[in-house]
Amino acid sequence: MRCSEEENTRLFHGVLGGLGQFGIITRARISLEPAPQRVRWIRVLYSSFEVFTEDQEYLISMHGQSKFDYVEGFVIVDEGLVNNWRSSFFSPRNPVKISSVSSNGSVLYCLEITKNYHESESDTVDQEVEILMKKLNFIPTSVFTTDLQYVDFLDRVHKAELKLRSKNLWEVPHPWLNLFVPKSRISDFDKGVFKGILGNKTSGPILIYPMNKDKWDERSSAVTPDEEVFYLVALLRSALSDGEETQKLEYLKDQNRRILEFCEQAKINVKQYLPHHATQEEWVAHYGDKWDQFRSMKAEFDPRHILATGQKIFQNPSLALFRPSSSSSSASW
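Computed from a predicted model, the values in this text were never measured in an experiment. (Residues numbered from 1 in each chain as written. Predicted model: local features only at pLDDT ≥ 70, side-chain atom pairs only at ≥ 80, totals over all residues. Heavy atoms only, no water.)

## Focus on the overall build of the chain
- Summing up its helical and strand segments, the chain has ten helices and eight strands in all.
- Among the 333 residues that make up the chain, the fraction classed as buried is 43%.
- In the chain, of all internal contacts separated by at least 6 residues, the share reaching a separation of at least 24 is 77%.
- As presented, the chain carries roughly 18,800 Å² of accessible surface, and 50% of it is formed by carbon and sulfur atoms. (Helix = DSSP H or I, 4+ residues; strand = E, 2+ residues; numbered from the N terminus. Buried < 20%, exposed > 50% of the residue type's maximum accessible area, 1.4 Å probe, protein only. Contact = heavy atoms within 4.5 Å. Areas by Shrake-Rupley, 256 points an atom, 1.4 Å probe, with all protein chains shown as cover.)

Here it is in structure tokens:
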């Protein structure tokens, strides 16, 4: 079936975020646009979570040409050099230790921002970045800046992968946990998880950044918190069988479980991205108001429950809204 905004629109939107329950995308057409030539890439540090999130939320509220093109953040709970993560892209001058910018040697927060530009604009990019930076409240002595080709910026994670492969640290278990956290509870999450459950070891980067709900199409099957702004928190850890106890797979899996239990007990209505749930009741709670729509699409597009059965979303075919008669036909992809 060919699907688009105009043709088979229900399946077109439903399969996005549908966890493979409704069909398999075999071909896609993606719009392209002219790419910039260069990127000014900046990292700055914060010791206050409230100031850090205020700046992030301000940045994603900006409109028009005079704004940064990329906003991301990450949490630093490990003692040691701040520039361990993606350090090869930045100048090694003046390495910063947590203890030098945090009075109690606890958690720091790093904001990453970029400004895209063409080489013909190189004379003005410094001034434009300086104006934008003046509106932020980071630690003044913590600015890291680099300038690189746009393609190199896009390929930065692959270069980090090659570095890990050279140390035999890539083909290991990755017990990642990705959560959407409502803006109204992100401070509670910080206190309970970043400053609590995680201790001072992470075994991998922890990303955090806000998103605007109106950028998400509600017709898709993806589930997000019911607030206008919510945060992605991604704990991207790697497990090592011969590492410290805090780096082992079972320890990290147990920590993920404790984080989810904390959110449930604190009534922080997080939503898992790439979710995993053990029972249908948990799936119903995950989808919330979208459950009836999700179940209806399953009945329409996969009435025999052939696809993605291991997720245990639909354990009983009788839960579908209807079952096909012997004369009905099903679409093939």
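## Side note on the packing of aromatic side chains
- One pass over the structure, following the stated rule, counts 19 aromatic pairs.
- With centroids separated by 6.3 Å and ring planes inclined at 45°, the aromatic side chains of Tyr287 and Trp291 adopt a geometry described as tilted. Side by side, Tyr287 and Trp291 carry an identical accessibility label, which is buried.
- Among the aromatic residues, ring-to-ring pairing joins Phe22, Trp283, Tyr287, Trp291, Phe294 and Phe314 into one connected group.
- When the ring centre of Phe144 is taken as reference, the NZ or CZ atom of Arg43 above it lies at 5.4 Å.
- The ring of Phe153 has Arg156 sitting right over it, with the charged end atom 4.1 Å from the ring centre. (Phe/Tyr/Trp six-rings, centres within 6.5 Å; stacked < 30°, edge-to-face > 60°. Lys NZ or Arg CZ within 6 Å of the ring centre and 35° of its normal.)

## Structural notes on the sheet that holds strand E1 (residues 38–46)
- Here eight strands make up an open sheet; going across it, the order is E4-E1-E3-E2-E6-E7-E5-E8 and the pairing antiparallel. Where the open sheet ends on each side, the last strands, each with one partner, are strand E4 (144–149) and strand E8 (271–272).
- Relative to strand E7 (residues 229–235), strand E6 (residues 206–212) is paired through seven bridges, and the arrangement is antiparallel. Each residue of the ladder has a partner; that of Pro210, found in E7, is Tyr231.
- The strands touched by helix H2 (residues 49–61) within the sheet are E1, strand E2 (70–76), strand E3 (108–117), E6 and E7, with E6 carrying the most contacts at an inclination of about 45°. (Pairing = 2+ DSSP bridges. Axes fitted to C-alpha atoms, helices over the stretch in contact; angles between N-to-C directions.)

## Regarding the pattern of salt bridges
- Under the definition given, this model contains 20 salt bridges.
- Note that Glu300 is salt-bridged to Arg10, the shortest N-O span being 2.8 Å. In this pair, Glu300 is assigned in helix H10 (residues 291–301) and Arg10 in helix H1 (residues 9–14), connecting sequence segments 290 residues apart.
- Beyond isolated ion pairs, a larger network of salt bridges with shared partners links Arg38, Arg40, Asp126 and Asp147. (Salt bridge = Lys/Arg side-chain N within 4 Å of Asp/Glu carboxyl O.)

## A closer look at a negative patch on the surface
- Together, Asp214, Asp226, Glu228 and Asp289 make up a negatively charged patch on the protein surface.
- As for its position among the elements, Glu228 is in the loop between E6 and E7.
- Overall, the relative accessible area of 60% leaves Glu228 in the exposed class. (Patch = residues over 30% accessible without salt bridge, like charges linked within 9 Å, V, L, I, M, F, W, Y side chains within 5 Å. Lys, Arg positive; Asp, Glu negative; His and termini not counted. Charge placed at Lys NZ, Arg CZ, Asp CG, Glu CD.)

## A word on the confidence of the model for the chain
- This prediction gives the chain a mean pLDDT of 88; 86% of its residues lie at or above 70.
- Confidence drops under a pLDDT of 50 for residues 319–333, and excluding neighbours within four residues, the segment shows 20 contacts in the predicted structure. (pLDDT = per-residue confidence, 0-100.)

## Some words on helix H8 (residues 249–265)
- With 17 residues, H8 should cover 24 Å at 1.5 Å per step; its first-to-last C-alpha distance of 24 Å lies within 8% of that length.
- Among all positions of H8, only Leu252, Gln255, Asn256, Ile259 and Cys263 are buried. All buried residues of H8 project into a common sector of 100° when viewed along the axis, lining one side. Turned more than 90 degrees away from the buried face of H8 sit Glu250, Glu264 and Gln265, all of them exposed.
- In this fold, the buried residues of H8 make contact with strand E5 (177–182), helix H7 (186–197) and E7.
- Remark: Lys267 follows H8 within two positions and exhibits a positive phi of approximately 60°. (Expected span 1.5 Å × (residues − 1). Arc of directions from axis to C-beta.)

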